[in-house]
Amino acid sequence: MAQADIIIRIFGVRHTVADRIVFHIDFDYFYAQCEELRDRELKTRPVCVCIFSDRGGDSGAIATANYIARKYGVKSGMPIKFARSRLAHIPDSVFVGADFAHYSDISEKAMEIIREYADVFEYVGKDEAYLDVTKRTEGSFENAAHLGQQLKNQIRNEIRLSCTIGISRNKLVAKIASGYKKPDGLTVVTPQNIESFLDPLKIGDIPGVGKVTEEKFAEMGLKTISDLKKIDIFTLNKMFGRKISSYLYNAARGIDDDPVAARAPAVQFSRIVTLKEDSRNFEFLAKSLDEICADLHKTILEHKKMFKSVGIQFVQSDLSNKTKSRMLKNPTFSEDELKKTATLLLQEALADQTMDVRRLGVRVSELSELEGQSSITNFF
Ligand code: DGT
Ligand code: CA
Ligand code: CA
């Protein structure tokens, strides 16, 4: 592989499948960290986020716990009762019911930042995404490490959220790398280091390998990825069938050609910019707002969408957020309507504004397809 890279570089062809740079980003103890964000006192205490079942009392499961609670053996999926008994001797431990709306809100804000760092952005879930950054890092892992650190810093500064990033030449190794050092980690695995990185890891560190599969290998005396490489493809075939066996065979060797793909359907479009100076002057902000709307509108049209909801966002001088939104009577793709609504929201938001605005954003949501509209001209 290393040889192939060198040849490709000599001929100046850089962005081939063999030569990508991929980030996997995962937020640390996500639901529990979101709880800490709105109550800073929780940060020094064990925190368990519970999904209470409708049977009442303590029936239900732990969604996740912060790292302090994990030290006492609390784990995702564990019955709440077990967690309570593990923490029985810790007087200040906290059990809180899951608040998904709050977690989505924080996730959306963080994803908005992350998106700006990617050539291609792939949303995986509320606390997870892949980024292809090959172009913007010019294929350099050194640039990629800096970019990863910058991204972590921005998320920490603006949202106060800690996350972990794994960087490598494909999604598989990037994901394993992000699980390698948690929380608040950044692990770079260059193509030359993939083998020495993977070899000592447990077979269970391969995404998708659960307890049952790990046990099967353990019975054969195989524990590490390096052990796994000793089994030939035919034996694997017999054990797991063609699809899974070829996945395992390749995974053990750090091979994965799956492209980072922007496949999640868009639920909203947004733009946010850092202003030239902090301000709460209507004229100044309205001018920026107009430019942001024009830019955002291009994206809306490119994706052939209409929108029914418009929102604006302030990141204020103390980095706190303020948002306002409004539902329109009908879906539209009119640029004028976007600008008019955003300006109205700006007026409303400034009415009781005491802090200066540092970053200004516009969002449209409640999207619908423009394609297939029989009477497009009605909307102009
Ligand atoms: P981490 O990434 O190890 O620092 O911790 P988390 O909590 O972010 O773990 P992760 O990335 O596996 O899961 C993200 C969120 O998904 C987590 O905060 C809560 C939810 N979640 C994870 N596992 C479970 C589970 O077994 N049951 C339920 N209900 N929710 C879960
Ligand atoms: Ca996570
Ligand atoms: Ca995750």
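What this report covers is the structure whose coordinates are included nearby. Remember, predicted model here, so these are calculated numbers, not experimental data.

**Examining the side chain of Ser309**
Part 1: By the element assignment, Ser309 lies in strand β10 (residues 305–316).
Part 2: Given a relative accessible area of 7%, Ser309 falls into the buried group.
Part 3: Beyond its immediate stretch of four places on either side in the chain, Ser309 contacts Arg326, Met327, Arg363, Val364, Ser365 and Glu366.

**Describing the coordination of the calcium ion (ligand 3)**
Part 1: Protein coordination of the calcium ion (ligand 3) is provided by Asp26 (OD), Asp127 (OD), Asp127 (OD) and Glu128 (OE), with donor distances spanning 2.3 to 3.1 Å.
Part 2: Taken in sequence order, the residues that donate to the calcium ion (ligand 3) follow the motif D-x100-D-E.
Part 3: A separation of 3.6 Å is found between the calcium ion (ligand 3) and the calcium ion (ligand 2), both of which receive a donor from Asp26. Of the two residues, Asp26 sits in strand β1 (residues 22–27) while Asp127 sits in the loop between β5 (120–125) and β6 (128–132), which places them 101 residues apart along the sequence.
Part 4: Assessed through its relative accessible area of 11%, Asp26 is described here as buried.

**Quick word on the coordination of the calcium ion (ligand 2)**
Part 1: Every protein donor of the calcium ion (ligand 2) is listed here as Asp26 (OD), Phe27 (O) and Asp127 (OD), and their distances to the metal cover 2.1 to 2.3 Å.
Part 2: Angles of 79 to 170° at the metal separate the 6 donor atoms of the calcium ion (ligand 2), which places the site in the octahedral class.
Part 3: Donor residues binding the calcium ion (ligand 2) come from one chain and are separated in sequence as D-F-x99-D.

**So, the pattern of salt bridges**
Part 1: Tallied over the entire structure, the rule returns 23 salt bridges.
Part 2: Here Arg326 makes a salt bridge to Glu348, at a shortest N to O gap of 2.5 Å. Note that Arg326 is positioned in strand β11 (residues 321–332) and Glu348 in helix α14 (residues 335–351), a separation of 22 residues in sequence.
Part 3: Taken together, the shared-partner salt bridges in this structure form one network comprising Asp26, Asp28 and Lys182.

**Here we look at the site of ligand 1**
Part 1: Around ligand 1, the structure places 15 residues, and the nearest of them are Tyr29, Thr64, Tyr67, Arg70 and Asp127.
Part 2: A distance of 3.0 Å is found between an oxygen atom of ligand 1 and a side-chain nitrogen or oxygen belonging to Asp26.
Part 3: Backbone polar atom of Phe30 to an oxygen atom of ligand 1: 2.9 Å apart, as the coordinates give it.
Part 4: Contact with the protein chains hides 66% of the accessible area of ligand 1, taken as 590 Å² for the molecule alone.
Part 5: Elements supplying a minimum of two residues to the shell around ligand 1: β1, α2 (30–38), β3 (60–65) and α3 (67–71).

**Some thoughts on the sheet that holds strand β8 (residues 186–188)**
Backbone hydrogen bonds are what pair the strands of a sheet, in a parallel or an antiparallel way.
Part 1: Read from one edge of the open sheet, 5 strands run β5-β6-β1-β7-β8, paired in mixed fashion. Only two strands of the sheet have a single partner each, and these edge strands are β5 and β8. With direction set aside, neighbouring strand axes in the sheet form an average angle of 15°.
Part 2: By the bridge criterion, 5 bridges tie β1 to β6 in an arrangement that is antiparallel. Counterpart to Val22 in the pairing with β6 is Asp132.

**So, the packing of aromatic side chains**
Part 1: The tally for this structure, following the rule as stated, stands at 8 aromatic pairs.
Part 2: On the basis of an interplanar angle of 80° and a centroid distance of 5.8 Å, the ring pair of Tyr31 and Phe100 is categorised as edge-to-face. Here Tyr31, found in helix α2, pairs with Phe100, found in helix α5 (residues 100–115); they are 69 residues apart in sequence, far enough to count as distant.
Part 3: Under the relative-accessibility criterion, Tyr31 is labelled partly exposed at 23%.
Part 4: Aromatic ring contacts, followed pair by pair, group Phe27, Phe30, Tyr31, Phe100 and Tyr103 into a single cluster.
Part 5: Over the face of the ring belonging to Phe95 we find Arg84, whose NZ or CZ atom lies 4.2 Å from the ring centre.

**Observations concerning the packing of helix α13 (residues 282–302) against α14**
Part 1: It is the contact of α13 with α14, at a shortest axis distance of 9 Å, that shows an interaxial angle of 145°. For the pair α13 and α14, the sense of crossing is right-handed. Between α13 and α14, the residues in contact are Phe282, Leu285, Ala286, Leu289, Asp290, Cys293, Ala294, His297 and Ile300 and Glu335, Leu338, Lys339, Ala342, Thr343, Leu346, Gln347 and Leu350, respectively.
Part 2: Residues that form the contact of α13 with α14 fall into these classes: 11 nonpolar, 3 polar and 3 charged.

Calculation criteria
- Residues numbered from 1 in each chain as written.
- Chains lettered and ligands numbered in written order.
- Predicted model: local features only at pLDDT ≥ 70, side-chain atom pairs only at ≥ 80, totals over all residues.
- Heavy atoms only, no water.
- Helix = DSSP H or I, 4+ residues; strand = E, 2+ residues; numbered from the N terminus.
- Buried < 20%, exposed > 50% of the residue type's maximum accessible area, 1.4 Å probe, protein only.
- Contact = heavy atoms within 4.5 Å.
- Donors = N, O, S within 2.8 Å, 3.2 Å for Na, K, Ca; no water.
- Tetrahedral: all angles 85-135°; square planar, octahedral: opposite > 155°, others 65-115°.
- Salt bridge = Lys/Arg side-chain N within 4 Å of Asp/Glu carboxyl O.
- Near = heavy atom within 4 Å.
- Polar contact = N/O pair within 3.5 Å; in protein donor to acceptor, adjacent residues only side chain to side chain.
- Areas by Shrake-Rupley, 256 points an atom, 1.4 Å probe, with all protein chains shown as cover.
- Pairing = 2+ DSSP bridges.
- Axes fitted to C-alpha atoms, helices over the stretch in contact; angles between N-to-C directions.
- Phe/Tyr/Trp six-rings, centres within 6.5 Å; stacked < 30°, edge-to-face > 60°.
- Lys NZ or Arg CZ within 6 Å of the ring centre and 35° of its normal.
- Left-handed = near helix turned anticlockwise from the far one by under 90°.
- Nonpolar A, V, L, I, M, F, W, Y, C, P; charged D, E, K, R; others polar.

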